[in-house]
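Breakdown of the fold
Listed below, chain by chain, are the residues.
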Amino acid sequence: MASVCVERLDHLGVVASVIKELGIVEKVDARLGLHDQEELTAGEAIAGMILNGLGFSDRPLTLTPQFFVNKPLDLLFREGVRAEMFNRFKLGRTLDEAYAYGCDLLFSELSLAVCCQEHIDTRFNHLDTTSFSLTGDYVLDSDEHAIAIIYGYSKDHRPDLKQAVLELMVSQDGGVPLMSKSWDGNASDTKIFQERAQALITTFRASPSPRYVVADAKLYSEENAANLQKLGFITRVPGTLKLVTHVIAQALGGDTWQSLDETTRYQAIELCHYGMAQRWLVVWSQASYERAVASVDKACQREAAAIAKQLFHLQAQRFETPTQAHETLAGLAKQWCYHQVESAALIEYKRYGKKGRPTGGTPLKAIEWQMQVRVKPDAERLEVLKHHKACYVLGTNIKAEQLSDAEVIAGYKGQAQAEGGFRFLKDPLFFVSSLFVKKPSRIQGLLMVMTLALLVYSVAQRRLRRALLCQNETIPNQINQPTSRPTLRWVFQVLEGIERVRVMVAGEMHDVITGLNAVKIKILRLFGEQVCHMYQLPAG
C-alpha cells in the first residue's frame, strides 16, 4: 500500500541554496567549533534561525521546531536533521557561543568572505543606526562587555520601552551588510559614528581600492573632524549650522545652478570648515520641493489655528492707550513665522464718571481702546521657506578628480540602502518580534543572526536582479506589470504553494515537486543550478 507525505517548500529552497552556496554553515562551524555529541551544529542552528526569519511566518524562535515540522529538512539541511533539534535550548546555546566568539567579529568575517565570493563593490559604505524596542524586565548582564538594555532615544517612537541600538554599514551595490554592531540602548549616534570613523581609518587604508563612508548628518561634527579628515566621506551637513543656512540662501539668490537631471539641480562650493578643505553641494530637487511645500503648508495651518486663539484673547482686551495696543500686537506678530498683519483697527470706548446714559455734561473718566486685527499668510516668506527647505547640503573631502559632483550625489542617495535594511529587519513578519530572550548577551547574538538573514536576503536579491539584467528578462510585479528589479519579498510570495510530495510505493521512495507554473519555473532558473536541482528542474 502506498503512503504519501506532503511537505511545504515554497521559497525556502531558494534561501537554503543561497546559504549553502555562501558556505555559511561551514564558516560558522569553523569558528564556533564542533562537538562530538551534538546532533545539530552551531552553523546549522544559525541557518535554521535564518530560514525561520526569512520564512516570514511571524513565529518566535521558541516555535522554530513547529515551523520546521512540515518542511523537507533533508533538502534544506541534510539527512538526519529533525524539527525537534531546533529547540530553544540548542538555539540559546548557539547564541551564547556566538557571543563568546564575538558577534561583531563573527559577522564581519562572514560578510567579508561573502563580499569576496560575490564580488561586491564596496566603494560606497553606507552607515546608519536604529533602535529595537524590547518588552519585559532586563537586568544588567554579569558580563561587563554585554550591552545594556535601557531607556534611550527611541527611533521606534516608544520611549516607554527599553531598547538596544544596532549600527549597520551596507554596500551601495545590492545593500549587502558589511558590518554590524550592537550598542547600549542609550548610545548616541554622534558617539557611535565617531568611534566607527576612527575604526574605519585603518580598514580603508588597507583596502586595495578607494572606499568612502556615507552617512547622515550625525557623522559630521567638530569632535569627529579629526577622524573624517583621514577618511573619504560623503555626508549631509547639519541644517542647524548657521553656515548651511547662509550657503543655501546664497545659492538660491544666484543663477549658477547645474542640472543633474530633469528634476534635480545643484551648486558646488569649495570651502574650509572644521579645519578641512571640502566641497559642499547645495542640492534642490522637485521631490524635496513637493515635500517642503506639504511641510510648510501644514506648519502654516497649525500657526493659523494658534493665531486665531491669540487674536480672540487680544480682541477681548481693552488698552489704556493706542500705543499699548500696538505694542502688544507687535509682540505677538514677532513670534509668527508664516503670517503677517493685514490690518489693525482701533475702536474707542469711553468710560464716564456716572452710571446710566451719558449726557453732554457727564464727566469723562477714561478712554479705552480695543483692537480688530486681520492677518494673512506671508506669501513671499512662505515661498522662500519652501525653496530653502527643498535644499540640502552635502559635504565631502573627496577630490573632484576622484568623484564628480554627480557621483557624490548618487553616492549619498544610496543611503536608502541602509534605511531599507532597517525596514527589512523591523518588518512585523520578520523575527524581530522574537527578541524575547532575557539575557542581553543573547540579544546581541540574535541581532547578529538577524543581520545575517539580511545578508542572505540581499545577496539573493542582487543575484536575481543581475540575472534579469544579464538575460534582458522581466517578471510580473504585484500589478502584473513587467519589472527587472523585483523585491525578493515579492518573489517569495510568488513562490508560495510549492510542495514536495513523497510517495512510498513497494518500498521505494519517489519525490515529486508540485505547485510549479511557468512564472515560478522562470524565477527559479534565474537563481542558478543548485536551486534548479533542489526544485527538480533542468538548468538553463
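Now for a look at the structure at hand. (Residues numbered from 1 in each chain as written. Predicted model: local features only at pLDDT ≥ 70, side-chain atom pairs only at ≥ 80, totals over all residues. Heavy atoms only, no water.)

With twelve residues, helix 12 (residues 322-333) extends 16 Å from end C-alpha to end C-alpha; this agrees with the ideal 16 Å at 1.5 Å per step. Listing the buried residues of helix 12 in full gives A325, L329 and L332. For helix 12, the angular spread of the buried residues around the axis is 60°, confining them to a single face. On its buried side, helix 12 packs onto helix 11 (286-314), strand 10 (339-352) and strand 11 (364-377). (Helix = DSSP H or I, 4+ residues; strand = E, 2+ residues; numbered from the N terminus. Expected span 1.5 Å × (residues − 1). Buried < 20%, exposed > 50% of the residue type's maximum accessible area, 1.4 Å probe, protein only. Arc of directions from axis to C-beta. Contact = heavy atoms within 4.5 Å.)

Before going further, it helps to spend a moment on the pattern of salt bridges. In total, this model carries 21 salt bridges according to the counting rule given. Between E39 and R82 there is a salt bridge; the shortest N-O distance is 3.4 Å. Within this pair, whereas E39 is found in the loop between helix 2 (24-32) and helix 3 (42-54), its partner R82 is found in the loop between helix 5 (73-76) and helix 6 (88-101), the two being separated by 43 residues in sequence. Residue classification places E39 among the partly exposed positions, given a relative accessible area of 49%. According to the relative accessible area criterion, R82 is partly exposed, its value standing at 37%. Here D74 makes a salt bridge to R500, at a shortest N to O gap of 2.9 Å. With D74 in helix 5 and R500 in strand 15 (residues 499-505), the pair connects residues that are 426 residues apart, well separated along the chain. Taken together, the salt bridges that share partners define one network made up of E7, D74, R500, R502 and D511. (Salt bridge = Lys/Arg side-chain N within 4 Å of Asp/Glu carboxyl O.)

Turning to the sheet that holds strand 7 (residues 258-259), a few remarks are in order. Backbone-to-backbone hydrogen bonds join strands into a sheet, with any given pair of strands oriented parallel or antiparallel. Judged by pairing direction, the sheet is mixed, and its nine strands sit side by side in the order 4-3-2-5-6-12-9-8-7 without closing on themselves. Of all strands in the sheet, those bounded by a partner on one side alone are strand 4 (177-183) and strand 7. Against the sheet, helix 10 (residues 242-253) engages strand 8 (264-273), strand 9 (276-285) and strand 12 (391-396), with an angle of about 55° to strand 9. Across the sheet, helix 16 (residues 440-470) is in contact with strand 2 (124-134), strand 3 (162-171) and strand 4; its angle to strand 4 comes to roughly 160°. (Pairing = 2+ DSSP bridges. Axes fitted to C-alpha atoms, helices over the stretch in contact; angles between N-to-C directions.)

By size, the foremost hydrophobic cluster in this structure holds 129 residues, and its most contacted members are I19, I50, L51, L54, F77, F527 and Y535. Ranked by residues supplied to this core, first place goes to helix 16 with 17 residues. Counting residues in hydrophobic clusters, the runner-up holds 14 residues, among them I234, V283, L394 and I398. (Core = buried A, V, L, I, M, F, W, Y, C linked by side-chain atoms within 4.5 Å.)

Here the focus is unusual backbone geometry. For D10, which is not glycine, the phi torsion reads 45° and is therefore positive. Residue placement: D10 occurs in the loop between strand 1 (3-8) and helix 1 (12-22). Of note in the backbone geometry, N472 takes a positive phi value of approximately 55° without being a glycine. Mapped onto the fold, N472 is located in the loop between helix 16 and strand 13 (475-476).

Pairing within the open sheet is antiparallel, and its three strands lie in the order 1-15-16. Where the open sheet ends on each side, the last strands, each with one partner, are strand 1 and strand 16 (508-514). Each strand of the sheet is rotated relative to its neighbour by a mean of 20°, with strand direction disregarded. Where strand 1 lies against strand 15, six bridges are found, and the strand directions are antiparallel. Along strand 15, the bridge assignment pairs C5 with R502.

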